[in-house]
Amino acid sequence: MTRLPAPAPAPLPLSRRAVLGGIAAGGALLAAPALGQRAPPHVVVIGAGPGGATAARALARAPGAPRVTLVEANAETITCFFSNLYLGGLVPLAHLRHGHDRLAATQGLRLVHDRATAVDRDARRVVLAGGEVLDYDRLVLSPGIDFVPGSVPGWSEADAALMPHSYKSGDQVALLMQQVQAMPQGGTVAIVAPPAPYRCPPAPYERAAMIARTLRRVNPTAKILILDPKDHFTKQVLFEEGWGRHADGMIDWIGPEFGGAAVELRPDRMELLVEGEVQRVDVCNVIPAQRAGVLAQLAGLTDASGWVPVQAESMRAQADPAIWVLGDAADAGAMPKGAFAAHAQAYVAADAILADLAGTAPHRPLYESACWSCLGKGDSVKLASSFAPQGGRIEQTATSISQPAEDAATRRATYDEAFSWYHTITAEMFG
């Protein structure tokens, strides 16, 4: 398998890192010059996830702030990040639910619960499903992901009630938990992993660990099959070590060499065809190939890859100088698609937008990413990296990763750090 680069010195603890790699950028942002206009320009932000909500609040709280309108289709957010811990019984579903009351109360920010259906780039207008039209001076899109149609033969989103994806905010993760808990003794869970790039690279493998934790309590003779089109995956050594320690042989990973890339589904029969051979399962979690959310596609910002190319220095869309794209929808070079990365990108974009409106130079971008993966209760591992613009792309400049066979105290500290991070990022997003 491909080995990760040799670990760099571990990043500073969160208490000294200035909130998620954001306060350092946010502090620079707060020092940005006032815009000095009688009628402040209007910035519209689409999507209240880690990228959009963070950017909207940062812009609204800046001195000389523009008018900020945040558009979000859902009345509440169930975070995708940390949802695997719910599947493992480590947090209740309520822990993942976040209302938008405090977000709406952010001074200078107008929150609109509606769905954006179109972007008119020439007129600089966003059309909402409810009929409202928003004129903008600058637009921030953080539309998340959509699935590539037909990427898993035999499955479409219409089949998600039978074979859930549980990979977007919403009730799908609760459905998957119900199916796991209701499956017959000795049954089989299949996880169909996606090709890269996709949202949160370690998530399918953490999900297997967490489902195994639940099954060890309620169905100890069950099995989990991971069918994977990739010949290796992030943190593989750490996950395989963790599966061995906590799952007791319950998890089997099937890579492309043994048919993981040749999977067809029959949802109505709860069957998989692996290289033409039928495998009946009791639960099937399908994680399809992914692309930028539909609004980015409708706006004509995506390229042949399905993602939005952005300027490495600012997250500005290469196709339109009035639009910034954050998070999973962006082709952000070496940065992984994840909540921490989107949050860091939001501060860079907000600083760049304020500078653009004021006619000044933005500060040097600070890009960071970190991802915690839970192997068992009190046992988590972490991968953290820093990034910088190089040659027109965002490239990795340093990385650190947990090591195999770490002592229990180290793993417990990493586990606790993950919960601290979750609390901090959701406070930054939602107030």
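Reading the values: rules and limits
- Residues numbered from 1 in each chain as written.
- Predicted model: local features only at pLDDT ≥ 70, side-chain atom pairs only at ≥ 80, totals over all residues.
- Heavy atoms only, no water.
- Helix = DSSP H or I, 4+ residues; strand = E, 2+ residues; numbered from the N terminus.
- Rg over C-alpha atoms; globule rule 2.2 N^0.38 Å.
- Contact = heavy atoms within 4.5 Å.
- Areas by Shrake-Rupley, 256 points an atom, 1.4 Å probe, with all protein chains shown as cover.
- Lys, Arg positive; Asp, Glu negative; His and termini not counted.
- Charge placed at Lys NZ, Arg CZ, Asp CG, Glu CD.
- Salt bridge = Lys/Arg side-chain N within 4 Å of Asp/Glu carboxyl O.
- Pairing = 2+ DSSP bridges.
- Axes fitted to C-alpha atoms, helices over the stretch in contact; angles between N-to-C directions.
- Parallel < 35°, antiparallel > 145°, perpendicular 65-115°, else oblique.
- Core = buried A, V, L, I, M, F, W, Y, C linked by side-chain atoms within 4.5 Å.
- Buried < 20%, exposed > 50% of the residue type's maximum accessible area, 1.4 Å probe, protein only.
- Expected span 1.5 Å × (residues − 1).
- Polar contact = N/O pair within 3.5 Å; in protein donor to acceptor, adjacent residues only side chain to side chain.
- Disulfide = S-S within 2.5 Å.
- Phe/Tyr/Trp six-rings, centres within 6.5 Å; stacked < 30°, edge-to-face > 60°.
- Lys NZ or Arg CZ within 6 Å of the ring centre and 35° of its normal.

Draft legend 1. Region of the structure containing the overall build of the protein. Tallying secondary structure elements over the protein gives 11 helices and 24 strands in all. Relative to the globule expectation of 22 Å for 431 residues, the C-alpha radius of gyration of the protein, 21 Å, shows essentially globular dimensions. Within the protein, counting contacts between residues at least 6 apart in sequence, those at least 24 apart form 68% of the total. If you sum the accessible surface of the protein, you get close to 17,100 Å²; carbon and sulfur atoms cover 51% of it. Counting 37 positive and 42 negative side-chain charges, the protein places the centres of these two groups 5 Å from one another.

Draft legend 2. Representation of the pattern of salt bridges. The full count for this structure, using the stated rule, is 21 salt bridges. A salt bridge links Arg 138 to Asp 356; its shortest N-O distance comes to 2.6 Å. On the criterion of sequence distance, the pair formed by Arg 138 in strand 9 (residues 138-141) and Asp 356 in helix 10 (residues 339-358) is long-range, its members being 218 residues apart. In this structure, Arg 245 engages Glu 241 in a salt bridge whose closest nitrogen and oxygen atoms are separated by 3.9 Å. Taken together, the residues Arg 245 and Glu 241, both in helix 8 (residues 236-246) and 4 residues apart, mark about one turn of the helix. One connected set of salt bridges, linked through shared partners, spans Glu 241, Arg 245, Asp 379, Glu 406 and Arg 411.

Draft legend 3. Structural detail: the sheet that holds strand 15 (residues 271-274). Across the sheet, which stays open at both edges, the 3 strands sit in the order 14-15-16 with antiparallel pairing between neighbours. Each end of this open sheet is capped by a strand with a single partner; those strands are strand 14 (263-266) and strand 16 (277-280). Taken pair by pair, the neighbouring strands of this sheet meet at an average axis angle of 25 degrees, ignoring direction. Looking at chain direction, strand 15 and strand 16 are connected through 4 bridges and run antiparallel. Its bridge partner being in strand 16, Val 274 is matched across the sheet by Glu 277.

Draft legend 4. Representation of the packing of helix 7 (residues 203-218) against helix 8 within the structure. Direction vectors running N to C along helix 7 and helix 8 enclose 0 degrees, while the axes themselves pass 10 Å from each other. By the criterion of interaxial angle, the relationship of helix 7 to helix 8 is roughly parallel. Listed contacts from helix 8 to Tyr 205, Glu 206, Ala 208, Ala 209 and Arg 216 of helix 7 are Phe 239, Trp 243 and His 246.

Draft legend 5. Local environment of the nonpolar core. Of all hydrophobic cores here, the largest spans 138 residues; its most connected members are Val 126, Ile 224, Leu 265, Cys 284, Met 315 and Val 325. Broken down by element, the residue count for this core peaks at 12 residues, all from helix 10. Contacts of Val 325, omitting those with residues within four sequence positions, involve Leu 141, Leu 301, Val 308, Val 310, Met 315, Ala 317 and Ala 330.

Draft legend 6. Local environment of helix 11 (residues 408-430). Its 23 residues give helix 11 an end-to-end C-alpha distance of 33 Å, which sits within 8% of 33 Å, the value for a rise of 1.5 Å per residue. For helix 11, the full list of buried residues reads Arg 411, Thr 414, Tyr 415, Ala 418, Trp 421, Tyr 422, Ile 425, Thr 426, Glu 428, Met 429 and Phe 430. The N-cap of helix 11, judged by a side-chain oxygen 3.1 Å from the amide nitrogen of Ala 409 a few residues on, is Asp 407. Of the residues one or two after helix 11, Gly 431 is the one with positive phi, at around 90 degrees.

Draft legend 7. The state of the cysteines, seen in detail. Applying the stated criterion across every chain yields a total of 0 disulfides. Take Cys 284: it sits in no disulfide, and the sulfur closest to it among the cysteines is that of Cys 80, at 18 Å. Cys 371 carries a free sulfur, and the closest cysteine sulfur to it, the one in Cys 200, is 4.4 Å from it. A relative accessible area of 17% places Cys 371 in the buried class.

Draft legend 8. Unusual backbone geometry, seen in detail. Of the consecutive residues Ala 196 and Pro 197, the connecting peptide bond is found in the cis state with omega at -5 degrees. Here Pro 197 lies in the loop between strand 11 (188-192) and helix 7. Look at Asp 248: it is not a glycine, yet its phi comes out positive at around 55 degrees. Here Asp 248 is to be found in the loop between helix 8 and strand 13 (251-254). Owing to a relative accessible area of 61%, Asp 248 belongs among the exposed residues under this scheme. Positive phi, close to 70 degrees, is recorded for Met 315, a residue that is not glycine. By secondary structure assignment, the location of Met 315 is in the loop between strand 19 (308-309) and strand 20 (323-325).

Draft legend 9. Summary view of the packing of aromatic side chains. By the definition in use, this model includes 14 aromatic pairs. With 4.5 Å between their ring centres and 25 degrees between their planes, Phe 82 and Tyr 422 make a pair best called stacked. Here Phe 82 is found in the loop between strand 3 (76-78) and helix 4 (83-87), whereas its partner Tyr 422 is found in helix 11, with 340 residues between them in sequence. The buried category is assigned to Phe 82, whose relative accessible area is 9%. Here the aromatic residues Phe 81, Phe 82, Phe 340, Trp 372, Tyr 415, Phe 419, Trp 421 and Tyr 422 are joined through ring pairs into a cluster of three or more. Its guanidinium or amino end placed over the ring of Phe 147, Lys 168 lies 4.7 Å from that ring's centre, counting from NZ or CZ.

Draft legend 10. Highlighting the sheet that holds strand 11. The strand order across the open sheet built from 4 strands is 13-12-11-17, with neighbouring strands paired in parallel fashion. Where the open sheet ends on each side, the last strands, each with one partner, are strand 13 and strand 17 (283-286). Ignoring which end each strand starts from, the neighbouring axes of this sheet average 15 degrees apart. Taken together, the 5 bridges between strand 11 and strand 12 (residues 223-227) define a ladder with parallel strand orientation. When the sheet's bridge partners are listed, Thr 188 is paired in strand 12 with Lys 223.

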